[in-house]
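Architecture at a glance
So you can see what is in the structure, the chains are spelled out below.
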Amino acid sequence: MRHDVLAVVISFVSVSRLVPGQAAAADGLRPALRSEAYAIVSHVGVPIIHAELSRFSVLESRASGSPRRIDLAFVRIPSTTRHPGSPIVWLAGGPGQSGTADLETPLLRLLLDLRSSGDVVVLDQRGTGLSMPRLDCPGTIRFRTDVALDRVESVNALETVSRGCAARWRELGVDLSAYNTAESAEDLEDLRRALGADKIRLLAGSYGTHLALAAMRAHEDRIERAALLGVVGPDH
């Protein structure tokens, strides 16, 4: 595990330095951030890591032209170097996993090591974690325990619950068709602008690599580099 951590850290070394305000001047008005102190309980090194929880709004569906907006959340762990490179953005898998929930896993060791290269930004992708709306489906599915699980029965039960959950969110005005990779790739561009960064670096795992590759296609000139773990996509 330690060798894997070092390999990822090395991949982010020798990067161009961010000139403060450079991106803001080029992009015009930056999305406004609403930030507060955030404490990460750590089992690596010091017990409490002082970070920052921030939120900003994006269009829910850029494709449809709807004015409805949603909130994205991320935790920023400050760099430990005097001259940090471009922010490093962690993209969780799934799709549907919470990036900030990964702060409670062994991944935290890697993220803390990467502070020596730049700020580490742990994003909750749209619909997940601390981002709002969080598209959870409450309730449970109960299967009989005295017989073997039947594939048709289990699929039907999952589809029934999923349809009910989707109907509930639609009744609340959520455009579920907007929770897709293309919109999430544009969210990353809005995140870059909100951070005031000329470029960002991406660290991604599983589905997160699919999103990273989509972002590289859409905004190649704004992605400085990427480290992809368990690559998926981009055209699977």
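Residues numbered from 1 in each chain as written. Predicted model: local features only at pLDDT ≥ 70, side-chain atom pairs only at ≥ 80, totals over all residues. Heavy atoms only, no water.

1. Looking at helix α5 (residues 181–195)
Filter applied, for reference: Segments assigned H or I by DSSP are reported as helices when at least four residues long, segments assigned E as strands when at least two residues long, and all are numbered from the N terminus. How far a helix is expected to stretch is found by multiplying one less than its residue total by 1.5 Å. A 1.4 Å probe rolled over the protein chains alone gives each residue an accessible area, and that area as a share of the maximum for its type sets the label: buried under 20%, exposed over 50%, partly exposed in between. N or O atoms within 3.5 Å of each other form a polar contact, as long as, within protein, one can give a hydrogen and the other can take it, and as long as residues adjacent in sequence are counted only when both atoms are side-chain atoms.
With 15 residues, α5 ought to run about 21 Å at 1.5 Å a step, and its terminal C-alpha atoms sit 21 Å apart, in line with that. In terms of residue burial, α5 counts as a mostly covered element, since 13 of its 15 residues are buried. Here α5 starts with a cap whose side-chain oxygen sits 3.1 Å from the backbone nitrogen of A182, and that cap is N180. Positive backbone phi, at 70°, marks G196, one or two positions downstream of α5.

2. Topic: the environment of A185
Which entries qualify depends on this criterion: Only heavy atoms enter the contact rule, under which two residues are in contact if any of them lie within 4.5 Å.
Along the chain, A185 turns up in helix α5. Considering only alpha carbons, one finds A185 and H219, 34 residues apart in sequence, at a separation of 8.5 Å. In contact with A185, other than residues within four places in its own chain, are L211, A214, A215 and H219.

3. Examining the nonpolar core
Quick note on the threshold: Throughout, nonpolar core names a set of buried Ala, Val, Leu, Ile, Met, Phe, Trp, Tyr and Cys residues whose side chains join them through atoms within 4.5 Å.
In this structure, V89, L91, L188, L191 and L202 are the most contacted members of the largest nonpolar core, which totals 29 residues. The next biggest cluster of nonpolar side chains, apart from the first, holds 21 residues, and it includes I40, V75, L114 and L203.

4. Description of the state of the cysteines
Applied cut-off: The definition used for a disulfide is geometric: two cysteine sulfur atoms within 2.5 Å.
For the structure on display, the rule yields one disulfide. The side chain of C137 participates in a disulfide bridge whose partner is C165; the two sulfur atoms lie 1.9 Å from each other. Where C137 bonds to C165 through sulfur, the torsion about that S-S bond is close to -90°, and the disulfide is left-handed. Of this pair, C137 sits in the loop between β5 (120–124) and α4 (151–171) while C165 sits in helix α4, placing them 28 residues apart in sequence. Look at C137 and you get partly exposed, because its relative accessible area is 42%.

5. Re the confidence of the model for the protein
Threshold: Per-residue confidence from the predictor is reported as pLDDT, a score between 0 and 100.
Here the protein averages 89 in pLDDT, and 88% of its residues register 70 or above. Note that residues 14–26 has pLDDT below 50 and, in this model, 23 contacts with residues that lie over four places away or in other chains.

6. Here we look at the packing of aromatic side chains
Each aromatic ring pair is characterised by the separation of its centres together with the angle its planes make. Our working definition: Ring pairs shown here join Phe, Tyr and Trp side chains whose ring centres sit within 6.5 Å, with only the six-membered ring taken for Trp; geometry is labelled stacked below 30 degrees between planes, edge-to-face above 60, and tilted in between. In this scheme, the term charge over a ring applies when either NZ of a lysine or CZ of an arginine sits within 6 Å of the ring centre and within 35 degrees of the ring normal.
A complete count under the given rule lists one aromatic pair for this structure. Its guanidinium or amino end placed over the ring of Y179, R126 lies 5.5 Å from that ring's centre, counting from NZ or CZ. One cation-aromatic arrangement involves R168 over W169; the distance from NZ or CZ to the ring centre is 4.7 Å.

7. Structural notes on the pattern of salt bridges
Test applied: Within this document, salt bridges are pairs made up of a side-chain nitrogen of Lys or Arg and a carboxyl oxygen of Asp or Glu, the two lying within 4 Å of each other.
Throughout the structure, instances matching the rule amount to 15 salt bridges. A salt bridge links R126 to D187, with the shortest nitrogen-to-oxygen separation between them at 2.7 Å. Residue R126 is located in the loop between β5 and α4, and its partner D187 is located in helix α5; the two are separated by 61 residues in the primary sequence. Like R126, the residue D187 is buried in the burial classification. Here D146 and R144 are joined by a salt bridge, their closest N and O atoms 2.8 Å apart. We note that D146, like R144, is exposed.

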